[in-house]
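Chains, contacts and geometry: an overview
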Amino acid sequence: MGQHPGDYGTEVEEFMDADAMDDFTRRQITEIDEALRRIDDGTWGRCVVCGREIDAERLEAKPQAERCREHQEELERSSR
Ligand SMILES: [Zn+2]
């Protein structure tokens, strides 16, 4: 990764300038960006649908998760 491991925001912005970026990467960056915003808001770690706390286990695997397991599965089912 970059020269400043502690400066995550800068890293993300540098990422944004990359010319070749696939949709998956773009989506990941958007999710991370929103997660950072939710940390500022104090709503990070809560499901955006039901407001319940997201499992610690799940947040460890995916810190930018914005839905609890139940609502994430619901979303994935409906998008298929
Ligand atoms: Zn939920």
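Residues numbered from 1 in each chain as written. Predicted model: local features only at pLDDT ≥ 70, side-chain atom pairs only at ≥ 80, totals over all residues. Heavy atoms only, no water.

In the annotation of an unreviewed UniProt entry, the chain is listed under the name RNA polymerase-binding transcription factor DksA and assigned to Actinomycetospora corticicola.

**A short note on a nonpolar patch on the surface**
Heads up, the condition is: Here, patches come from residues exposed beyond 30% relative accessible area and free of salt bridges, joined within 9 Å for like charges and within 5 Å for nonpolar side chains (Val, Leu, Ile, Met, Phe, Trp, Tyr). Here the open area of atoms and residues is found with the Shrake-Rupley method and a 1.4 Å probe, where only the protein chains shown may cover a residue. Just to be clear on terms, a salt bridge is a Lys or Arg side-chain nitrogen sitting within 4 Å of an Asp or Glu carboxyl oxygen. Only protein chains enter the calculation, and the probe is 1.4 Å; a residue is then buried if its accessible area is under 20% of its type maximum, exposed if over 50%, and partly exposed in between.
Taken together, the side chains of Leu36, Ile39 and Trp44 present a nonpolar region at the surface, about 260 Å² in accessible area. With relative accessibility at 35%, the residue Trp44 sits in the partly exposed group.

**A word on the nonpolar core**
For clarity, the cut-off: Residues belong to a common nonpolar core when they are buried Ala, Val, Leu, Ile, Met, Phe, Trp, Tyr or Cys residues joined through side-chain atoms within 4.5 Å. Any two residues whose heavy atoms approach within 4.5 Å are treated as being in contact.
Counting 5 residues, the largest nonpolar core consists of Cys47, Ile54, Leu59, Ala65 and Cys68. Among residues more than four places away in sequence, those in contact with Cys47 are Arg52, Ile54, Glu66, Arg67, Cys68 and His71.

**Details of the coordination of the zinc ion**
The test is simple: Metal sites are built from N, O and S donor atoms within 2.8 Å, or 3.2 Å for Na, K and Ca, and they leave out water, so they may look incomplete.
Around the zinc ion, the protein supplies Cys47 (SG), Cys50 (SG), Cys68 (SG) and His71 (ND1) as donor atoms, at distances of 1.9 to 2.4 Å. According to the relative accessible area criterion, Cys47 is buried, its value standing at 3%. In this structure Cys68 comes out as buried when scored by relative accessible area, which is 9%.

**Topic: the UniProt feature "domain: Zinc finger DksA/TraR C4-type" (unreviewed entry) in the chain**
Threshold: UniProt positions are given in the numbering used here, feature names are shortened, and annotations may be inferred rather than shown by experiment. Only runs of H or I of at least four residues qualify as helices and only runs of E of at least two qualify as strands under DSSP, and these elements are numbered from the N terminus.
Sites flagged by UniProt as "domain: Zinc finger DksA/TraR C4-type" (unreviewed entry) map to residues 43-77. Regarding residues 43-77, the helix share stands at 43% and the strand share at 0%, and the terminal C-alpha atoms are separated by 25 Å.

**Re the UniProt feature "zinc finger region: dksA C4-type" (unreviewed entry) in the chain**
As annotated by UniProt and renumbered to match this structure, "zinc finger region: dksA C4-type" (unreviewed entry) occupies residues 47-71. The span residues 47-71 carries 36% helix and 0% strand; its end-to-end C-alpha distance comes to 8 Å.

**What about helix 2 (residues 23-41)?**
Stated formally: To estimate how far a helix should reach, multiply one less than its number of residues by 1.5 Å.
With 19 residues, helix 2 should cover 27 Å at 1.5 Å per step; its first-to-last C-alpha distance of 27 Å lies within 8% of that length. Every buried residue of helix 2 is listed here: Ile29, Glu31, Ala35 and Arg38. Of the residues one or two after helix 2, Gly42 is the one with positive phi, at around 85 degrees.

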